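A look at the structure
What follows is the residue order along each chain.
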Amino acid sequence: MVSNLNLGMNQHTRASEAPIPFIDIAAQRRRLGPAIDAAVARVLAHCQFIGGPEVRQLETELAAFCGARHAIACSSGTDALLLVLMGWGIGPGDAVICPAFTFCATAEVVALCGATPVMADVDADTFNLDPASFERAVATAKKLGLKPRAVIPVDLFGLPADHDAIASIAAGYRLKVLDDAAQAFGATHKERKLGTLAHATATSFFPAKPLGCYGDGGAVLTDDDELAGLLQSLRVHGQGTDKYDAARIGITGRLDTIQAAILLEKLKIFPDEIAARNTIAQRYTVGLDRAVVTPRVGNTSTSVWAQYTIRLAPGRRDALAAALKAEGIPTAIYYAKPLHQQAAYRAFPVAEGGAPVSERLADEVISLPMHAYLESGVQDRIIAAVRGALAR
Ligand SMILES: Cc1ncc(COP(=O)(O)O)c(C=O)c1O
């Protein structure tokens, strides 16, 4: 998702003002430094860099955290998605419905399996898969002679998708639901944490994610015992009874022990960080009220605020980004182009009716600095800068 982790992208022209990071990984590092150093030192001492005890411990704790029966740690969020599709045997002739407004990995894994991603539109208020367009995408896939097999709702920017509606439509067509919670681990829907709301849930521990490690990492959460067993094999080259028994085609999809050790320390403070993110999001929403369209969270869900994304009338965004940049405030656009307009995905089908909301959002959205350590004084500076720029 982001390449501008903390340091100074788009930043500062006023020497008097400290540069504001977009995501401040260094602040969390200051809080957790000694604990993480000790955790890494333990791995360096036991030298089990692959499959060390921290990996299993992390899986146990991730599963307990979200209430899933199984957590299978793996090498990235993309591999988490891919492993599940491989486990379900998705392949040529199959269609998998994806939202058009997401990071490319959501649809990339479908294409990597040889199946066809069919893009559906999203809801303008939540940025998440529009159930009606999802249903139209199923019809589009069938008309094209494809076999709809699964849907990948994305919990974009940290907010759960409309899981009830999606699960009910998916059940009607016997589709599997793979929740792409790469941006939303820790978020809840009707007081249940993501990880239990779909047949399988994939998440990412990319450093900029709400729960990030110090490199690439991911996990699959599922209640399905059979799938969990398959994923454990698929992430190690389709391993069978022993290391050199290849039972099926798999990948190198493991999570490194050092990353698991780091995540175990971060998981301890994660609930506290989620609370901080929510306080900060609430301050933005109050501070920016009426100046911009602020993100809406319904009363049945909670977000982990991977991004705080506002909307402006088309044509106003570039001026705002430039004004904020001049004040040392970085911004980012997720996503400037919906998937069906990207060179790599243009040839894939779009649900009947197209994806006009995704196209509009791509022109309207802009994300503001968001992380658990954003101080109120700094946030006030950002809010004042946004209001000031829009009043000009
Ligand atoms: C919605 C979404 N899906 C999948 C991914 C892939 O995760 P990773 O970068 O860990 O492979 C990302 C990461 O940015 C994402 O935002």
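So, how was this worked out
- Throughout this document, residue positions are counted from 1 along each chain, in the order its sequence is written.
- Only residues with pLDDT of at least 70 get local features here, since the model is predicted, and only at 80 or more are side-chain atom pairs given and counted; chain-wide, interface and lining totals rely on the full set of residues.
- Just so you know, side-chain values use all the structure's heavy atoms and leave hydrogens and water out.
- Buried, partly exposed and exposed residues are distinguished by accessible area as a fraction of the type maximum, computed with a 1.4 Å probe on protein chains only: under 20%, between the cut-offs, and over 50%, respectively.
- Numbering goes from the N terminus for both helices and strands, where a helix is a DSSP run of H or I of at least four residues and a strand is a run of E of at least two.
- Relevant arc is that of directions from the helix axis to the C-beta atoms, nothing else.
- Residues count as neighbours in contact if any of their non-hydrogen atoms are within 4.5 Å of one another.
- Aromatic rings from Phe, Tyr and Trp, taking only the six-membered ring of Trp, are treated as a pair when their centres fall within 6.5 Å; an angle between ring planes under 30 degrees marks them as stacked, one over 60 as edge-to-face, and anything in between as tilted.
- For a Lys NZ or an Arg CZ to count as sitting over a ring, it must be within 6 Å of the ring centre and within 35 degrees of the ring normal.
- A patch consists of residues whose relative accessible area exceeds 30% and which take part in no salt bridge; residues with like charges are grouped when within 9 Å of each other, and nonpolar side chains (Val, Leu, Ile, Met, Phe, Trp, Tyr) when within 5 Å.
- Computed with a 1.4 Å probe, the accessible areas rest on the Shrake-Rupley method; for each residue, only the protein chains presented here act as cover.
- For salt bridges, the criterion is a side-chain nitrogen of Lys or Arg within 4 Å of an Asp or Glu carboxyl oxygen.
- As a rule, the C-alpha atoms of each element are fitted with a line to give its axis, helices using only the stretch in contact, and angles between N-to-C directions run from 0 to 180 degrees.
- Note on terminology: angles under 35 degrees are roughly parallel, angles over 145 are roughly antiparallel, angles of 65 to 115 are roughly perpendicular, and the others are oblique.
- Each crossing is labelled by how the near helix is turned from the far one, with a counterclockwise turn of less than a right angle marking it left-handed and a clockwise turn marking it right-handed.
- Amino acids outside the nonpolar list (Ala, Val, Leu, Ile, Met, Phe, Trp, Tyr, Cys, Pro) and the charged list (Asp, Glu, Lys, Arg) are all regarded as polar, and Gly is one of them.
- Defined by distance alone, a disulfide is two cysteine sulfur atoms within 2.5 Å.

1. Here we look at helix 6 (residues 163-172)
Within the sequence span of helix 6, burial applies to His163, Ile166, Ile169 and Ala170. Across the axial projection of helix 6, the buried residues extend over an arc of 135°, all falling on one side. Residues Ser168, Ala171 and Gly172 are exposed on helix 6 and point more than 90 degrees away from its buried face. The secondary structure elements touched by the buried residues of helix 6 are helix 5 (131-143), strand 4 (147-151), strand 5 (176-180) and strand 6 (188-189). Arg174 sits one or two residues past helix 6 and shows a positive phi near 55°.

2. Some thoughts on the packing of aromatic side chains
Enumeration over the complete set of coordinates arrives at 13 aromatic pairs. Residues Phe65 and Phe270 carry aromatic rings whose centres are separated by 5.7 Å and whose planes lie at 40° to one another, so their mutual orientation is tilted. Taken together, the residues Phe65 in helix 2 (residues 53-66) and Phe270 in helix 8 (residues 257-287) connect sequence positions 205 residues apart. Their ring planes at 65° and their centres at 5.7 Å tell us that Tyr334 and Tyr335 sit as a pair that is edge-to-face. Note on Tyr334: relative accessible area 5%, which makes it buried. Looking at Tyr335, the relative accessible area reads 9%, which means it is buried. Over the aromatic face of Phe65 sits the side chain of Lys193, whose NZ or CZ is 4.4 Å from the ring centroid.

3. Considering a nonpolar patch on the surface
Nonpolar side chains collect at one region of the surface, where Leu44, Phe49 and Ile50 lie side by side and expose about 280 Å² of accessible area between them. For Ile50, the position within the fold is in the loop between helix 1 (25-46) and helix 2.

4. Details of the packing of helix 9 (residues 317-326) against helix 11 (residues 376-391)
Interaxial distance between helix 9 and helix 11 falls to 9 Å at its minimum, and their mutual angle equals 130°. On the basis of their axis angle, the class for helix 9 and helix 11 is oblique. Here the hand of the crossing between helix 9 and helix 11 comes out right-handed. Taking contact as the criterion, the partners of Leu320, Ala323 and Leu324 in helix 9 are, on helix 11, Ala385, Val386, Ala389 and Leu390. Among the residues making up the contact of helix 9 with helix 11, the classes are represented as seven nonpolar, no polar and no charged.

5. Digging into the state of the cysteines
Think of a disulfide as a covalent bridge from one cysteine sulfur atom to another cysteine sulfur atom. This structure, assessed with the given rule, holds zero disulfides. Summary of cysteine pairing: Cys74 is not part of a disulfide, and the nearest cysteine sulfur, belonging to Cys213, is at 11 Å. In this model Cys104 remains outside any disulfide bridge; the closest cysteine sulfur is found in Cys98, 11 Å from its own. Residue classification places Cys104 among the partly exposed positions, given a relative accessible area of 26%.

6. Concerning unusual backbone geometry
For the peptide bond that leads from Tyr334 to Tyr335, omega is 5°, which places it in the cis range. Tracing the backbone shows Tyr335 in the loop between helix 9 and helix 10 (356-364). The phi dihedral of Cys47 falls on the positive side, at around 65°, and the residue is not glycine. Note on placement: Cys47 falls in the loop between helix 1 and helix 2. One non-glycine residue with positive phi stands out, namely Glu191, at about 65°. Secondary-structure assignment places Glu191 in the loop between strand 6 and strand 7 (192-193).

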